[in-house]
Amino acid sequence: MGRLLSLSLLGIALALLGERLLALRNRLKASREVESVDLPNCHLIKGIEAGSEDIDILPNGLAFFSVGLKCPGLHSFAPDKPGGILMMDLKEENPRALELRISRGFNLASFNPHGISTFIDDDNTVYLFVVNHPEFKNTVEIFKFEEEENSLLHLKTIKHELLPSVNDIIAVGPAHFYATNDHYFSDPFLKYLETYLNLHWTNVVYYSPDEVKVVAEGFDSANGINISPDKKYIYVADILAHEIHVLEKHPNMNLTQLKVLKLDTLVDNLSIDPSSGDILVGCHPNGQKLFVYDPNNPPSSEVLRIQNILSEKPTVTTVYANNGSVLQGSSVASVYDRKLLIGTLYHRALYCQL
């Protein structure tokens, strides 16, 4: 009887593990391939060789790139080189990416930037918020951008127990932001277990100097975040659920879910086209290729444009797609004055004239 019970429990455990593995493959879109959708006037950006995970563009055409992200278990083309922030002036005829100097006293050796966001104050001061993973920990760094010197002045490092696994950020004040946690845990093993078991414990946190609180939760893996042009709605990408959530923002900064847009790809960072309000999405068509890197079968890239997301039937179009022969692992796409920038998790970056 005891052996029969043991065999029964073992069978149940193996069946559960098999079901979770199959579910994970489906969440990763492990069998998906893409057909190329090319743009005619594109070139790889010189100086970006090991990822440009996030991009944010100011209204004057200055684009900031977060480069050199490293995460446990994730491929890197420059594992020993610290990350940095690059800038490109899109008003120039032939723009170049230049690395911004960061003020003394900031630990450059452990700089590991992830999501970024800019905020322009009433006095036209530009703040750059950077999700940072020094030694794979989690902080948010606030810098002041000094345009004349092409430099960043470090103002503040933020750590908080409600920010255990920060992915992306959208600034809504000089020291105020919403941030996504892509995992509930900070320990690497528990992160893997959480993902495998599909616990849906990730969330969005609002931070201010006076208040820190969870304002939305229940995501599979909350990732990119942005705000609508009228500042009324927050958009959140749930990468492993293949969804974009639209949340209404209230005066007390709480959020309530308004709708969910389901897609057929792993959605990463979200950018807003300032001329139309459309959402541009950097996507991973096949997450298994992204996380299990094979140079002979590299991860593909995909950029979607979402028009009228608040309508009953938003329009979703593919702007760009590549099988990895040019661009591997697209994570973000940002547009300014018919110029498109596409960044990647750990590969190159693309500049296109539309």
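Just so it is clear, the model here is predicted, and its values are computed rather than measured. (Residues numbered from 1 in each chain as written. Predicted model: local features only at pLDDT ≥ 70, side-chain atom pairs only at ≥ 80, totals over all residues. Heavy atoms only, no water.)

Turning our eyes to something else, we now look at the overall build of the protein chain. Helices and strands together make up the secondary structure of the protein chain, namely three helices and 25 strands. When the backbone C-alpha atoms are referred to their principal axes, the protein chain occupies close to 80 × 50 × 50 Å. Residue burial in the protein chain is summarised as follows: out of 354 residues, 56% are buried. Contacts in the protein chain between residues far apart in sequence, at least 24 positions, make up 53% of those at least 6 positions apart. Counting every atom, the protein chain has about 16500 Å² of accessible surface; 53% of that belongs to carbon and sulfur. Charge separation in the protein chain, taken as the distance between the mean sites of 30 positive and 43 negative side-chain charges, equals 3 Å. (Helix = DSSP H or I, 4+ residues; strand = E, 2+ residues; numbered from the N terminus. Buried < 20%, exposed > 50% of the residue type's maximum accessible area, 1.4 Å probe, protein only. Contact = heavy atoms within 4.5 Å. Areas by Shrake-Rupley, 256 points an atom, 1.4 Å probe, with all protein chains shown as cover. Lys, Arg positive; Asp, Glu negative; His and termini not counted. Charge placed at Lys NZ, Arg CZ, Asp CG, Glu CD.)

Here is the idea: a disulfide is a covalent bond, and it sits between the sulfur atoms of two cysteines. On inspection of all chains with the given rule, the structure shows one disulfide. Each sulfur in the disulfide pair Cys42 and Cys352 lies 2.1 Å from the other. Its S-S torsion of about 110 degrees marks the bond between Cys42 and Cys352 as right-handed, since a negative value means left-handed. Highlighted residues: Cys42 in strand S1 (residues 42-44) and Cys352 in strand S25 (residues 350-353), separated in sequence by 310 residues. Free cysteine: Cys71, not disulfide-bonded; nearest cysteine sulfur from Cys283 at 19 Å. Judged by relative accessible area, which is 24%, Cys71 ranks as partly exposed. Free cysteine Cys283: the closest other cysteine sulfur is in Cys352, separated by 15 Å. Owing to a relative accessible area of 0%, Cys283 belongs among the buried residues under this scheme. (Disulfide = S-S within 2.5 Å.)

This brings us to the UniProt feature "active site" (unreviewed entry) in the protein chain. This chain's UniProt record puts "active site" (unreviewed entry) on His114. Its location among the elements puts His114 in strand S7 (residues 113-120). Using a relative accessible area of 6% as the deciding quantity, one classes His114 as buried. Discounting chain neighbours no more than four positions away, the residues touching His114 are Glu53, Asp54, Ser66, Leu69, Val131, His133, Val166, Asn167 and Asp182. (UniProt positions renumbered as here; feature names shortened; annotations may be inferred.)

This model, assessed by the stated rule, comprises 13 aromatic pairs. When the ring of Phe106 is compared with that of Phe111, the centres are 5.2 Å apart and the planes differ by 85 degrees; the resulting orientation is edge-to-face. Phe111 matches Phe106 in its accessibility class, with the two residues each being buried. An angle of 70 degrees between the planes, with centres 6.1 Å apart, marks the rings of Phe129 and Phe177 as edge-to-face. Taken together, the residues Phe129 in strand S8 (residues 126-132) and Phe177 in strand S12 (residues 176-181) connect sequence positions 48 residues apart. By the burial criterion, Phe129 is buried, and Phe177 matches it. One aromatic cluster in this structure is built from Phe77, Tyr293 and Tyr346. (Phe/Tyr/Trp six-rings, centres within 6.5 Å; stacked < 30°, edge-to-face > 60°.)

Our next topic: the sheet that holds strand S17 (residues 243-249). With antiparallel pairing, the four strands of this open sheet are ordered in space as S15-S16-S17-S18. The sheet terminates laterally at strand S15 (222-227) and strand S18 (255-262), the two strands that pair on one side only. Direction aside, the axes of adjacent strands within the sheet are offset by 25 degrees on average. With seven bridges connecting them, S17 and S18 associate as antiparallel partners. If you follow Leu247 over to S18, its bridge partner there is Gln257. (Pairing = 2+ DSSP bridges. Axes fitted to C-alpha atoms, helices over the stretch in contact; angles between N-to-C directions.)

This part is about the sheet that holds S7. Strand order in this open sheet of five strands is S6-S10-S9-S8-S7, and the pairing throughout is mixed. For this open sheet the edge positions go to strand S6 (101-102) and S7, each flanked by a neighbour on one side alone. One ladder, built from seven bridges, connects strand S9 (residues 139-146) with strand S10 (residues 151-158); its direction is antiparallel. Within the sheet, the bridge partner assigned to Phe143 lies in S10 and is His154.

Look at the UniProt record and you will see "binding site: Ca(2+) 1" (unreviewed entry) annotated at Glu53, Ile116, Asn167, Asp168, Asn223, Asp268 and Asn269. A maximum C-alpha distance of 13.1 Å places the annotated residues, which cover 217 residues in sequence, within one compact spot. Relative to the helices and strands, Ile116 is located in strand S7. Relative accessible area serves as the criterion here: at 3%, Ile116 is assigned to the buried category. Mapped onto the elements, Asp268 comes out in strand S19 (residues 266-272).

Here we come to the pairing of strand S14 (residues 212-219). Pairing of strand S13 (residues 202-207) with S14, which is carried by six bridges, proceeds in the antiparallel orientation. Along S14, the bridge assignment pairs Val205 with Val214.

Moving on, we get to a nonpolar patch on the surface. A cluster of nonpolar residues, Phe189, Leu190, Leu193 and Leu197, forms a patch on the protein surface that exposes about 330 Å² of accessible area. Inspection of the secondary structure assignment puts Phe189 in helix H2 (residues 188-197). (Patch = residues over 30% accessible without salt bridge, like charges linked within 9 Å, V, L, I, M, F, W, Y side chains within 5 Å. Salt bridge = Lys/Arg side-chain N within 4 Å of Asp/Glu carboxyl O.)

This part is about the pattern of salt bridges. Under the counting rule described, the total for this entry stands at 12 salt bridges. Of the charged contacts, one joins Lys137 and Glu135 as a salt bridge, the two residues approaching to 3.6 Å between their closest N and O atoms. Overall, the relative accessible area of 48% leaves Lys137 in the partly exposed class. The exposure class assigned to Glu135 is exposed, which follows from its relative accessible area of 64%. Here Glu243 ties to Lys262 by a salt bridge, and the two come within 2.5 Å at their closest N and O atoms. With Glu243 in strand S17 and Lys262 in strand S18, the pair connects residues that are 19 residues apart, well separated along the chain. Judged by relative accessible area, which is 11%, Glu243 ranks as buried.

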